[in-house]
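# Tertiary structure, described
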Amino acid sequence: MDFADLFTDAGREIFAPTTAAFALAAIGLNFHFGLTGLLNMGHAGFMLVGMYGYAITVREGGGMVLGLIVAMLLAVVFGLILGWPTLKLRGDYLAIVTIAAAEFVRFLGRSSVMKNITGGSTGIRGSDYKEPFESLSPFPSEQITIGPFTMHGTASTSWFLVLVGWSVVGLFALLFWRLSNSPWGRVLKGIREDEDAVRSLGKNVYAYKMQALVIGGVIGALGGVLWSFSAAVQPDSMGRPTTFWLWTLLLLGGAATVFGPILGSIIFWTALVLVRSLAAMFIPETWMAATEREPFSLVLVGVTLMLLVIFRPQGILGNRRELAIND
Amino acid sequence: MTDKATPAKSGKNPKSSKDPFANVPHEPGAPKMDKIIVADHVKRRFGGLTAVDVAHFEVQRNAITALIGPNGAGKSTFFNLLTGFDRPQEGEWSFNGFSLHSKSPAQVARSGMVRTFQLTKALSRMTVMENMRLGAAQQVGENFFRALFPALWRKQEAEITAKAEELLVRFKLDAKKNDYAGELSGGQRKLLEMARALMSDPEIVMLDEPMAGVNPALTESLLDHIVELKKEGVTVLFVEHDMHMVRRISDWVVVMAEGKIIAEGPPDTVMANAAVQDAYLGSHHDTDLFEER
Ligand SMILES: Nc1ncnc2c1ncn2[C@@H]1O[C@H](COP(=O)(O)OP(=O)(O)OP(=O)(O)O)[C@@H](O)[C@H]1O
Ligand SMILES: [Mg+2]
């Protein structure tokens, strides 16, 4: 491996479909935390619910549109169930319940009891559900090279998926922008700052928090579906680390900003690949086995991001002045 | 002691035949001519402590009523109970004849009864203008689906903004409208909270120590503003420790101590009441607490 390959690999992450999927899921989290101040510590659960909903529906012959509807409906139900007991309580309760619920979904999905439906711990193979989406591709079914990057036109991690993924991300970034700059978004920001003040002004805080939780959850579920198009439905790929990465990249890019989740996701994935490749190039096998490189790069990325959050806590796109206010 | 004998000094309208308090007895729980709030047997206990124990309480419509009493008397707790932010163990209370018993704070506010807090609740990471806009009631764009279509709410937003600008000028915050509320001083936050409460055109405003920390010059202009509100038909109920302010603007004073209402009366005589003197001063009757500043 030489430097040219390294930069190609890292550069690919800038527009990779997985980057788009995380950006999309983080936009959902931005509705929760950035706008409303909700501490959703189980966003991966929403993603997983969406993936299962879509993949199972399509596998059973329901088609793509129905699959998307099921994915979103499941996220709505999941959000309502999580929000109903917790949104009247202090913020920490939501955090505890979401972290537990996300784990619950994962364990349920990978349990042998559900093997016929969810595929147990092996999950659902891509070939079971990707076909209807990939059949929409206008690109030829072959490897296509654009500049230094080579990808398949249609299958799995494809140029088609890149195009669709980023279009969807753009659409939801636009939605976030529209809503966060509306009177509706203003109520959410008020709730983020002080619930009681918003109550005293006659707004139904519970209903607004529920709306934010559900819409953010639905976007998370769509992020999960997008993720599953370039990977497979694998319960263990949507564990706690995924949630924490989403938080990291949201804070890195800048919470409550329109482009924060997108920039955060790009930087996160590029940095991860860069560190991993550099470790492979410069650290001899005798020091670190190939299998140790992945955890090592995650640790390094984690430390880097920690430093970033310490020295630029408002994130890259956040507003310094806003952050100086600490009460 | 003080110059209570000269009524004109208080600067209020002289008592006329139109005075709604002319025939109101000077006693706790006195019935009013036109009541906007009525509370009965409202009791709130915190463990062993009975913070509020109000047998009967009425507020006269379109008047300025002061609720005073020593620290810990239960004034703020009573405010919380009336506005739905806290629930009493027992009691019944109503606004405009409608029971507020199991109403949420938001429902209470929407029905026209808006309050401010003793510990200011400015929305720090929102601008002063956004704070103000949030105060407006019945906004079309606060509905999720309609929020997506600015054409539906842009006009209302402009009206709300114009109204907010007007209020900000009155509260001397117009120069700060694009600053974050968290960048305001303590007194300015109090002002913002009060102005924000007025954005919804409430029927009654309940202010918990509105002038604490506001400089004297501005206090004067705000007092004028509160009197102005009354002329516009708004009812004002406020908690205040500053006796000067109480004397200057209130039509009626209700005194609380240890959770109970111990006296009611017009501002220039209620302080002479022995029970009030006791509550405030204990045995130190020789101290002159109520002299005009
Ligand atoms: N949440 C609570 N839990 C326990 N006790 C409380 C609570 N809130 C108030 N109290 C008690 O109730 C009593 C009345 O408090 P409250 O805040 O209503 O007084 P206040 O008249 O507003 O006083 P101040 O003039 O100092 O603001 C106090 O003794 C207080 O300690
Ligand atoms: Mg108080």
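Since the structure is predicted, the reported quantities are computational estimates derived from the model, not experimental observations. (Residues numbered from 1 in each chain as written. Chains lettered and ligands numbered in written order. Predicted model: local features only at pLDDT ≥ 70, side-chain atom pairs only at ≥ 80, totals over all residues. Heavy atoms only, no water.)

### What to know about the overall build of chain B
- When helices and strands are tallied, chain B shows 10 helices and 10 strands.
- The C-alpha atoms of chain B give 20 Å as radius of gyration, which agrees with the globular expectation for 293 residues (19 Å, within 12%).
- The C-alpha extent of chain B, read off along each of the three principal axes, is 65 × 40 × 40 Å.
- Contacts in chain B between residues at least 24 apart in sequence constitute 67% of all its contacts with a sequence separation of at least 6.
- Accessible surface for chain B amounts to roughly 13,000 Å². Of this, 53% is attributable to carbon and sulfur atoms.
- Treating the 36 positive side-chain charges of chain B as one cloud and the 39 negative ones as another, the clouds have centres 5 Å apart. (Helix = DSSP H or I, 4+ residues; strand = E, 2+ residues; numbered from the N terminus. Rg over C-alpha atoms; globule rule 2.2 N^0.38 Å. Contact = heavy atoms within 4.5 Å. Areas by Shrake-Rupley, 256 points an atom, 1.4 Å probe, with all protein chains shown as cover. Lys, Arg positive; Asp, Glu negative; His and termini not counted. Charge placed at Lys NZ, Arg CZ, Asp CG, Glu CD.)

### Topic: the overall build of chain A
- Looking only at helices and strands, chain A has 15 helices and 2 strands in total.
- Whereas a compact globule of 327 residues would reach a radius of gyration of roughly 20 Å, chain A reaches 20 Å, a difference of no more than 12%.
- Taking the principal axes of its C-alpha atoms as reference, chain A extends roughly 60 × 50 × 35 Å.
- Taken across its 327 residues, chain A has 53% of its residues classed as buried. (Buried < 20%, exposed > 50% of the residue type's maximum accessible area, 1.4 Å probe, protein only.)

### A look at the interface of chain A and chain B
- If you look at the interface, chain A gives 31 residues, while chain B gives 37 residues.
- Counting each side, the surface lost to burial between chain A and chain B is near 3,000 Å², with a carbon and sulfur contribution of 61%.
- The largest contributions to the chain A side of the interface with chain B come from A:Arg186, A:Leu201 and A:Ile325, which together make up 23% of the buried area.
- Summed over the shared surface of chain A and chain B, the number is 5 salt bridges. (Buried area = accessible area lost by both parts, 1.4 Å probe. Salt bridge = Lys/Arg side-chain N within 4 Å of Asp/Glu carboxyl O.)

### Let's talk about the coordination of the magnesium ion (ligand 2)
All names here are of chain B.
- The magnesium ion (ligand 2) binds to the protein through Ser76 (OG) and Gln118 (OE1); the donor distances cover 1.9 to 2.1 Å. Pair noted here: Ser76 is in helix 1 (residues 75-82) and Gln118 is in the loop between strand 6 (113-115) and helix 3 (128-135), with a separation of 42 residues, a long-range link.
- With a relative accessible area of 23%, Ser76 lands in the partly exposed category.
- Overall, Gln118 belongs to the partly exposed group, its relative accessible area being 34%. (Donors = N, O, S within 2.8 Å, 3.2 Å for Na, K, Ca; no water.)

### Focus: the pattern of salt bridges
Residues and elements named next belong to chain B.
- Going through the model one piece at a time under the given rule, you end up with 33 salt bridges over all chains.
- Between Glu159 and Lys155 there is a salt bridge whose closest N-O contact spans 3.4 Å. Here Lys155 and Glu159 lie together in helix 5 (residues 150-170), a separation of 4 residues that amounts to about one turn.
- Between Lys230 and Asp251 there is a salt bridge whose closest N-O contact spans 3.1 Å. Residue Lys230 is located in helix 7 (residues 216-231), and its partner Asp251 is located in the loop between helix 8 (243-249) and strand 9 (252-257); the two are separated by 21 residues in the primary sequence.
- Residue class for Lys230 comes out partly exposed when judged on its relative accessible area of 21%.

### Comments concerning the packing of helix 2 (residues 17-36) of chain A against helix 9 (residues 183-193) of chain A
Residue and element names in this part refer to chain A.
- At a minimum axis distance of 7 Å, the contact between helix 2 and helix 9 shows a crossing angle of 65°. Where helix 2 approaches helix 9, its residues Phe31, Phe33, Gly34, Leu35 and Thr36 are matched on the opposing element by Trp184, Leu188, Lys189, Ile191 and Arg192.
- For the contact of helix 2 with helix 9, the per-class residue count stands at 6 nonpolar, 2 polar and 2 charged. (Axes fitted to C-alpha atoms, helices over the stretch in contact; angles between N-to-C directions. Nonpolar A, V, L, I, M, F, W, Y, C, P; charged D, E, K, R; others polar.)

### So, the site of ligand 1
Residue and element names in this part refer to chain B.
- Near ligand 1 there are 13 residues, and of these Asn71, Lys75, Ser76, Thr77 and His241 occur at the shortest range.
- Interatomic distance of 2.7 Å between a side-chain N/O atom of Asn71 and an oxygen atom of ligand 1.
- Between ligand 1 and Ser76 there is a distance of 2.7 Å, counted from an oxygen atom to a side-chain nitrogen or oxygen.
- Protein chains shield 62% of the accessible area of ligand 1, which is 630 Å² for the free molecule.
- Counting only elements with at least two residues in the shell around ligand 1, the list comes to strand 2 (49-60) and helix 1.
- With 3 residues, helix 1 is the single largest residue contributor to the shell around ligand 1.
- Here the shell around ligand 1 is composed, by residue class, of 4 nonpolar, 7 polar and 2 charged. (Near = heavy atom within 4 Å. Polar contact = N/O pair within 3.5 Å; in protein donor to acceptor, adjacent residues only side chain to side chain.)

### Examining the domain arrangement of chain B
Residue and element names in this part refer to chain B.
- The domains assigned to chain B are domain 1 (35-122 + 201-281) and domain 2 (125-183).
- If you average the C-alpha positions of domain 1 and of domain 2, the two centres end up 28 Å apart.
- Between domain 1 and domain 2, the residue contacts involve 8 residues of the former and 7 residues of the latter.
- Here domain 1 and domain 2 share an interface that buries about 550 Å² over both sides, 56% of which is from carbon and sulfur atoms.
- When the shortest N-O distance is used, the salt bridge between Asp201 and Lys163 registers 2.8 Å. (Domains from an automatic or database assignment.)

### What to know about unusual backbone geometry
All names here are of chain B.
- In this model, His41 sits at a positive phi of 50°, which is unusual for a non-glycine residue.
- The phi dihedral of Asn62 falls on the positive side, at around 55°, and the residue is not glycine.
- Along the chain, Asn62 turns up in the loop between strand 2 and strand 3 (64-68).

### Considering the pairing of strand 7 (residues 204-208) of chain B
All names here are of chain B.
- When you tally the buried positions in strand 7, you get 5 out of 5 residues, the bulk of the element.
- Residues Ile204, Met206 and Asp208 of strand 7 are buried on one face, and the alternating residues Val205 and Leu207, pointing to the opposite face, are buried as well.
- Sheet topology places strand 6 next to strand 7; 3 bridges connect them, and they run parallel. Looking across to strand 7, one finds that Arg115 is bridged to Met206. (Pairing = 2+ DSSP bridges.)

### Comments concerning helix 9 of chain A
- Burial within helix 9 of chain A is extensive, with 11 of its 11 residues counted as buried.
- Residues of helix 9 of chain A that are buried include every one of A:Pro183, A:Trp184, A:Gly185, A:Arg186, A:Val187, A:Leu188, A:Lys189, A:Gly190, A:Ile191, A:Arg192 and A:Glu193, and no others.

### Focus on the sheet that holds strand 6 of chain B
Residue and element names in this part refer to chain B.
- Spatially, the 6 strands line up as an open sheet ordered 6-7-8-3-9-10, and their pairing is mixed. Two strands bound the open sheet, and with one partner strand each, they are strand 6 and strand 10 (260-265). Recorded for the sheet is a direction-independent mean angle of 20° between the axes of neighbouring strands.
- Against the sheet, helix 1 engages strand 3, strand 6, strand 7, strand 8 (235-239) and strand 9, with an angle of about 150° to strand 7.
- Helix 7 contacts strand 3, strand 7 and strand 8 of the sheet and is inclined by roughly 130° relative to strand 3.

### Digging into the sheet that holds strand 1 (residues 35-46) of chain B
Residue and element names in this part refer to chain B.
- The strand order across the open sheet built from 4 strands is 2-1-4-5, with neighbouring strands paired in antiparallel fashion. The open sheet has two free edges, formed respectively by strand 2 and strand 5 (98-99), since each of these has just one partner strand.
- Bridge analysis of strand 1 against strand 2 gives 10 bridges, and the strand direction is antiparallel. Bridging across to strand 2, Arg45 finds its partner in Thr50.
- Here helix 1 sits on the sheet and contacts strand 1, strand 2 and strand 4 (90-95); the angle it forms with strand 1, its principal contact strand, is near 115°.

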